[in-house]
Structure formats: structure tokens, C-alpha cells
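# Chain and residue survey
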Amino acid sequence: MHATTGLASLAKPEHRTTPPTVLYVAGDGRSGSTLLGRLLHRVDGAAHVGEIVHLWQRGVVDDERCGCGERFSVCPFWREVGAQAFGGWSGAAERMRALQRQVDRQRYLPYLASPAVPAHFRHALNAYTRGLTALYRAIRDVSGCETIVDTSKH
């Protein structure tokens, strides 16, 4: 979790139905993506939220510190995001981590490019996508930023 400073105003969300714009930074580890994300965070309308791919384990389960310095569990920004996206973080991390293990692997890339996708994979992918969409929408609504910068790199 990174650089949520300035995002935790917790203004009443507008509950828009359109998905937010996600600027997904791909690359290798130690490639400068965190620096890029922090620079983009300074652009009006952009919110750098770190590596969302690790949110479930490092944030929710391990309760690591957010960019604001608070533990994830007490950070006002992430508490509000969890409340809006999932009705709270309880149970969300376990569900999303299980779905992530089923779909977020390099070996599954051919499935994403093929029209002949096994039903079990499609079901898990759709559920994971719905969860990420809810998360990104909540980040947009809580931050007030239209563009979410995710430096997951996978």
C-alpha cells in the first residue's frame, strides 16, 4: 500500500456506475514502478494505491502499514474502501485470494487469449473481475480520483 496521503478526505462518494480508469504499470520487480506511481500520484485526478495484487495478503491479512503510516486495518482510506467495496474487509481477502490463485498465473495467459476457455476458469475469472471492479470503484469514489494507478507489475 502506498501514497494514500491526501486521499482520505472521505468525501461522500457519488456511486457512479461507470468503471474507473486503471493505469496498470507492468514490468519487473525493482524496475522503478513505485517511483513512477508516486510521481503519477501528484497529478490531479490520479491516485497511486501501490500493488493491488498484494493487497489481500499484505494489507488485509498481514496488516502492513499504508503509505500514510497507519496499519492497513486502521487507515481511514482503506477502511472506507473496504466498507464500500465489500461491506468491510472481513471475508473479502480470503475470497479474493482464492480466486486470485485460480486465475492470476502466467500459465493461464493462453486461456485469456482463447475463445475456448474452461467453464470453471471463466467462472472464477468473472468473480475475480467483479471483485477487482468493486475495489477499483471504491478507490475512485473514496479518493475522488478518476484514474487509479496500480503498480502490481504482473
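In the block above lies the structure referred to throughout.
Residues numbered from 1 in each chain as written. Predicted model: local features only at pLDDT ≥ 70, side-chain atom pairs only at ≥ 80, totals over all residues. Heavy atoms only, no water.

## Some details on the layout of surface pockets
What counts, and what does not: Definitions used for this entry: grid spacing 1 Å over protein atoms alone; cavity, a set of points where a 1.4 Å probe fits but cannot get out; pocket, an open set with protein on both sides within 12 Å along at least 5 of 7 lines; lining residue, one with an atom within 4 Å of a point. Grid points are joined across faces, edges and corners, and a volume is the space filled by probe spheres set on the points. The secondary structure listing takes helices from DSSP runs of H or I that are at least 4 residues long and strands from runs of E that are at least 2 residues long, numbered from the N terminus.
In this model, the largest pocket occupies a volume close to 620 Å³. The wall of the largest pocket is formed by 20 residues, among which Tyr-24, Asp-104, Tyr-128, Leu-132 and His-154 lie closest to the centre. The set of elements that each furnish at least two residues to the lining of the largest pocket consists of helix H5 (109–113), helix H6 (119–143) and strand E3 (147–153). For the lining of the largest pocket, the element with the highest residue contribution is H6, accounting for 6 residues.

## Some words on the environment of Asp-63
Filter applied, for reference: Whether two residues touch is decided by their heavy atoms; if any such pair falls within 4.5 Å, the residues are in contact. Counted as a polar contact is a pair of N or O atoms within 3.5 Å, where, for protein atoms, one must be capable of donating a hydrogen and the other of accepting one, and residues adjacent in sequence contribute only when both atoms are in side chains.
With respect to the helices, strands and loops of the structure, Asp-63 is situated in the loop between helix H2 (55–61) and helix H3 (76–86). Those residues in contact with Asp-63 that sit more than four places away from it in its chain are Arg-58, Arg-71, Phe-72 and Ser-73. Within the structure, the side chain of Asp-63 is placed 3.2 Å from the backbone nitrogen of Phe-72, a separation counted as a polar contact.

## Comments concerning the sheet that holds E3
Here is the rule we go by: Paired strands are those between which DSSP finds at least two bridges. Every axis corresponds to a line fitted to the C-alpha atoms, with the helix fit spanning only the stretch in contact, and the corresponding angles, defined between N-to-C directions, vary from 0 to 180 degrees.
Judged by pairing direction, the sheet is parallel, and its 3 strands sit side by side in the order E1-E3-E2 without closing on themselves. The open sheet has two free edges, formed respectively by strand E1 (21–26) and strand E2 (46–48), since each of these has just one partner strand. Across this sheet, the average inter-strand angle for adjacent strands is 25°, counted without regard to direction. Across 5 bridges, E1 lies against E3 in parallel orientation. When the sheet's bridge partners are listed, Leu-23 is paired in E3 with Val-149. Sitting on the sheet, helix H1 (residues 33–41) is in contact with E1, E2 and E3, with an inclination near 145° to E2. Strands E1, E2 and E3 of the sheet are contacted by H6, whose axis makes an angle of about 130° with E3.

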